[in-house]
Amino acid sequence: MLREYVSLVALVLVISLVFSGLERLAPAERDQPLSPWLFNLAYTPFILLFIFLLGFVFNPAYGRVISYAGGGLVPAFASGWASRLLFAAVYFVVWDLCQYALHRLQHAVPLLWQTHKFHHSETALNSTTQIKVHA
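Enquirer: Explanation requested: the packing of aromatic side chains in the structure shown.
Expert: Note on aromatic pairs: each is described by the distance of the centres and the angle between the planes. For the coordinates displayed, the defined rule picks out five aromatic pairs. A centroid spacing of 5.0 Å and a plane angle of 55 degrees characterise the contact between Tyr43 and Phe118, whose relative ring orientation is tilted. Taken together, the positions of Tyr43 in helix α2 (residues 34-68) and Phe118 in helix α5 (residues 110-120) put the pair 75 residues apart, joining distant regions of the chain. Look at Tyr43 and you get buried, because its relative accessible area is 16%. Look at Phe118 and you get partly exposed, because its relative accessible area is 25%. Judged by centre distance (6.4 Å) and plane angle (10 degrees), the rings of Tyr91 and Trp95 are stacked. Separated by four residues within a single helix, Tyr91 and Trp95 lie in helix α4 (residues 81-108), roughly one turn from each other.

Thresholds applied
Within each chain, residues carry numbers counting from 1 in the order of the written sequence. With pLDDT at 70 or above as the cut-off, local features in this predicted model cover only qualifying residues; side-chain atom pairs require 80 or more to be listed or tallied, and sums for whole chains, interfaces and linings still use all residues. To get the side-chain values, take all heavy atoms of the structure and skip hydrogens and water. Between the rings of Phe, Tyr and Trp (Trp by its six-membered ring), a pair exists once the centres lie within 6.5 Å; its type follows the angle of the planes, with under 30 degrees stacked, over 60 edge-to-face, and the other angles tilted. Put simply, DSSP H or I for four residues or longer makes a helix, DSSP E for two residues or longer makes a strand, and each gets a number counted from the N terminus. Working definition: with a 1.4 Å probe on protein chains only, accessible area under 20% of the residue-type maximum means buried, over 50% means exposed, and in between means partly exposed.

Written out as structure tokens, the structure reads:
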């Protein structure tokens, strides 16, 4: 568990550093201060730890749903390549609609807005901005 967490943090940091180098060639915004970038990098281990801890809380429920579904939804509904493609397309549309609805709720419900406004507090667009996409 600790090894996976450290590997994930390292991977996110390496990816951010690689894209930071590419940003020097073609920045989304010119002359950005370094402080937002450094803040996002410092924030990364904490949000990833939070996500790992949520896994401990919700994984037992996921396991129950999968067992009730007979091993998952994909084997039950997608037996051939065409049905798998259709399943993937439907999944994509449903996922996108759910994300849209959640985002609208985060703007409309004051309690949800209190955590979501962190996402909108970003003042610079750079390789580390994606870290705040969860909120």
